[in-house]
2 protein chains.
Amino acid sequence: MALPLFYCPGTLYGILHLPEEEAHHARSVLRLSPGARIGLLDGKGTVAEAVISTMDKRQLQVAITSTSLRPRERKARIHLAVGLTKQMERFEWMLEKSTEIGVDRITPLITDRTERTRLRKDRLERILVGAMKQSQRAWLPVLDEMMTINDLVDQGIPVQRLFGWCEGRPSALATCYRPGEDAVLLIGPEGDFTPEEATMLTTHGFGAVSLGKARLRTETAAISSCAYMNLAQQV
Amino acid sequence: MALPLFYCPGTLYGILHLPEEEAHHARSVLRLSPGARIGLLDGKGTVAEAVISTMDKRQLQVAITSTSLRPRERKARIHLAVGLTKQMERFEWMLEKSTEIGVDRITPLITDRTERTRLRKDRLERILVGAMKQSQRAWLPVLDEMMTINDLVDQGIPVQRLFGWCEGRPSALATCYRPGEDAVLLIGPEGDFTPEEATMLTTHGFGAVSLGKARLRTETAAISSCAYMNLAQQV
């Protein structure tokens, strides 16, 4: 699809208004006019074609001309839960790249060694939307509120549970990961999980996995394993 | 190793001077003094411990106290040849991240759809050195001069030759890649390789591989497949 894409959560049917930020982008950045054809994504698989019917400084109305539903890309879902990094820029970069590579759900994780206590979720959502549009995907990853490991375990996560771990000699991700099954993978923040957290994770059915011998930054470990899980599913 | 690391190409033996840029970093950023212990990397597997013996504004002399040789990390080498992107920032990001993830050689590729004709190789080398130190690796990836596909083929590249390709229905990277053998993987620039280039690559023994259904940016495709090849080797 070569049409410019806009994110429009909700039911894509009939006549509707673009969200304010998307309307601004259409009007002031792309300088589209009434009659222009655009694509709409609801972030849940629906892709619609539409025509801009009317627009003014406050709102932009479109008429849907066709819709189609795209299936999920992956056989099995990928859920990343990643320790919040000190520099938010690094976490944001991880969100963008994992969305481009392919991820279904992302949990910002509070751990013993996490220093951050607040999150601008609206800003992070915008990054996900931008990456979804850029990579022409129809599914927006679910972004959780920040939470602790215990909260996460209480949420009904997949049976396949893994966490990146540098201590000891855990098996390689490629040995442990079963590409046909939904999985949740935890990556620690700077300084990694504490030994107590690792023990607690093991108790909750998480298997420790190695991502190699080199010391990877949190965000690099997250996208590296995300890329692996995506490509391993394609066999 | 918790010592601050410095890149020092050449033989790590006896008394030597740090390269100017590294000396500046030791003196003005880390504010080290004579007597401080540091680590040195030659980028070819040698890791040395040293003590700063003398320093002034122009030079910084160190005495090597011990050296060790670290083996290569991978069973089989990974060579990425990546089409130069319009925005150099994106190519630089790819260099940094692929070095962190693990790569042995990188070729900046000139293709039919490459617009860039010049490269600041010294700047790119510094990015590689920074990423090597950050990820505490002992091996610096080889960075080639920019070259065409024909030049690359003339250089004696591995028998396992792959290129990312979106047209048709190529097999998945995970199906084609043989983790036990050296490999070269080509990734096209914005707009991908031309059909003529794809035909020419096939003639030279390159197999087309798919990196998934989504449209990936050049730099995301490069690091994603680099991550896959590294992790697949760890089985």
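Residues numbered from 1 in each chain as written. Chains lettered and ligands numbered in written order. Predicted model: local features only at pLDDT ≥ 70, side-chain atom pairs only at ≥ 80, totals over all residues. Heavy atoms only, no water.

For the rest of this paragraph, the subject is the sheet that holds strand β4 (residues 46–55) of chain B. All names here are of chain B. Strand order in this open sheet of 5 strands is β1-β3-β4-β5-β2, and the pairing throughout is mixed. Edge positions in the sheet fall to β1 (5–7) and β2 (15–17), since each has one partner strand and no second. Averaged over all adjacent pairs, the angle separating strand axes in this sheet is 40°, with direction ignored. Sheet topology note: the β4/strand β5 (residues 60–69) ladder contains 9 bridges and is antiparallel. Bridged to I52 within β5 is V62. Sitting on the sheet, helix α1 (residues 20–29) is in contact with β1, β4 and β5, with an inclination near 155° to β1. Here helix α3 (residues 121–134) sits on the sheet and contacts β1 and β3 (37–41); the angle it forms with β1, its principal contact strand, is near 150°. (Pairing = 2+ DSSP bridges. Helix = DSSP H or I, 4+ residues; strand = E, 2+ residues; numbered from the N terminus. Axes fitted to C-alpha atoms, helices over the stretch in contact; angles between N-to-C directions. Contact = heavy atoms within 4.5 Å.)

Moving on to the relation of the copies chain B and chain A. Between the two copies of the chain lies a rotation about an axis combined with a shift along it. Superposing chain B onto chain A requires a rotation of 180° together with a translation of 0.0 Å along the rotation axis, leaving an RMSD of 0.0 Å. As the rotation angle and translation indicate, the two copies are arranged about a two-fold axis. It is Y228(B) whose C-alpha, among those of chain B, lies nearest the rotation axis, at 2.3 Å. When the interface residues of chain B are mapped onto chain A, 100% of them again fall at the interface, so both copies present the same face. (Least-squares fit on C-alpha atoms with pLDDT ≥ 70 in both.)

This paragraph deals with the domain arrangement of chain A. Residues and elements named next belong to chain A. As assigned here, chain A comprises domain 1 (5–69) and domain 2 (78–233). Placing a centre on the C-alpha atoms of domain 1 and another on those of domain 2 gives a separation of 32 Å. Between domain 1 and domain 2, the residue contacts involve 11 residues of the former and 9 residues of the latter. Of the roughly 820 Å² buried between domain 1 and domain 2 on both sides combined, carbon and sulfur atoms contribute 66%. Between the two partners, domain 1 and domain 2, sit 2 salt bridges. In this structure, the salt-bridge partner of R126 is E21, at a minimum N-O distance of 3.4 Å. Looking at the side of domain 1 that touches domain 2, the elements that each hand over two or more residues are β1 (5–7) and α1 (20–29). No other element matches the 3 residues that β1 contributes to the side of domain 1 that touches domain 2. The class makeup of the residues in the side of domain 1 that touches domain 2 is 5 nonpolar, 2 polar and 4 charged. (Domains from an automatic or database assignment. Buried area = accessible area lost by both parts, 1.4 Å probe. Salt bridge = Lys/Arg side-chain N within 4 Å of Asp/Glu carboxyl O. Nonpolar A, V, L, I, M, F, W, Y, C, P; charged D, E, K, R; others polar.)

This part covers helix α3 (residues 121–134) of chain A. Residue and element names in this part refer to chain A. Given a rise of 1.5 Å per residue, 14 residues ought to cover 20 Å, and the 20 Å separating the end C-alpha atoms of α3 matches this to within 8%. Of the residues making up α3, those classed as buried are L124, I127, L128, V129, A131, M132 and K133. Check the buried side of α3 and you find it contacts β1, α1, β3 (37–41), α2 (88–101), β7 (105–110) and β8 (142–143). Positive backbone phi, approximately 50°, marks Q136, located one or two places after α3. (Expected span 1.5 Å × (residues − 1). Buried < 20%, exposed > 50% of the residue type's maximum accessible area, 1.4 Å probe, protein only.)

So, about the environment of D182(A). Residue and element names in this part refer to chain A. Within the fold, D182 resides in the loop between α5 (173–176) and β12 (183–187). Aside from chain neighbours lying at most four places away, what touches D182 is A76, R77, P158 and Q160. Within polar-contact distance, the side chain of D182 engages the backbone nitrogen of R77 at 2.8 Å. (Polar contact = N/O pair within 3.5 Å; in protein donor to acceptor, adjacent residues only side chain to side chain.)

What follows deals with the environment of E73(B). Residues and elements named next belong to chain B. Mapped onto the elements, E73 comes out in the loop between β5 and β6 (78–83). Separated by 66 residues in the primary sequence, E73 and W139 have C-alpha atoms spaced 8.6 Å apart. Here R137 takes part through its side chain, which lies 2.7 Å from a polar atom of the side chain of E73.

Remember that side chains alternate between the two faces of the sheet whenever the strand is regular. All names here are of chain A. Bridge count for β3 against strand β4 (residues 46–55) is 5 bridges, and the pairing is antiparallel. Among the inter-strand pairings, L40 is bridged to a residue of β4, identified as A48. The antiparallel hairpin formed by β3 and β4 contains 4 residues in its connecting segment, where G43 sits at a positive phi of about 80°. Between the end of β4 and the start of strand β5 (residues 60–69), which pair antiparallel, lie 4 residues.

All names here are of chain A. The mixed open sheet is built from 5 strands, whose spatial order is β1-β3-β4-β5-β2. Two strands in the sheet have a free side with no partner beyond their single neighbour: β1 and β2 (15–17). Here the strands of the sheet are splayed against their neighbours by 40° on average, with no regard to which way each runs. Strands in contact with α1 are β1, β4 and β5; relative to β1, the strand with the most contacts, it is inclined by about 155°. Sitting on the sheet, α3 is in contact with β1 and β3, with an inclination near 150° to β1.

Take the packing of aromatic side chains next. Evaluated as defined, the whole model comprises 6 aromatic pairs over all chains. Here the aromatic cluster, defined as three or more aromatic residues joined through ring pairs, consists of F163(A), W165(A) and F193(A). Positioned above the aromatic ring of W93(B), the side-chain terminus of K97(A) is 4.6 Å from the ring centre. (Phe/Tyr/Trp six-rings, centres within 6.5 Å; stacked < 30°, edge-to-face > 60°. Lys NZ or Arg CZ within 6 Å of the ring centre and 35° of its normal.)

A few words on the pattern of salt bridges. Should the charged atoms of two oppositely charged side chains come close, the side chains can pair. In the structure shown here, the tally under the stated rule is 31 salt bridges over all chains. With its nearest N and O atoms 3.0 Å apart, the salt bridge here joins R74(A) to D104(A). Within this pair, whereas R74(A) is found in the loop between β5 and β6 (78–83), its partner D104(A) is found in the loop between α2 and β7, the two being separated by 30 residues in sequence. With relative accessibility at 12%, the residue D104(A) sits in the buried group. A salt bridge links R72(B) to D104(B); the shortest N-O distance between them is 3.2 Å.

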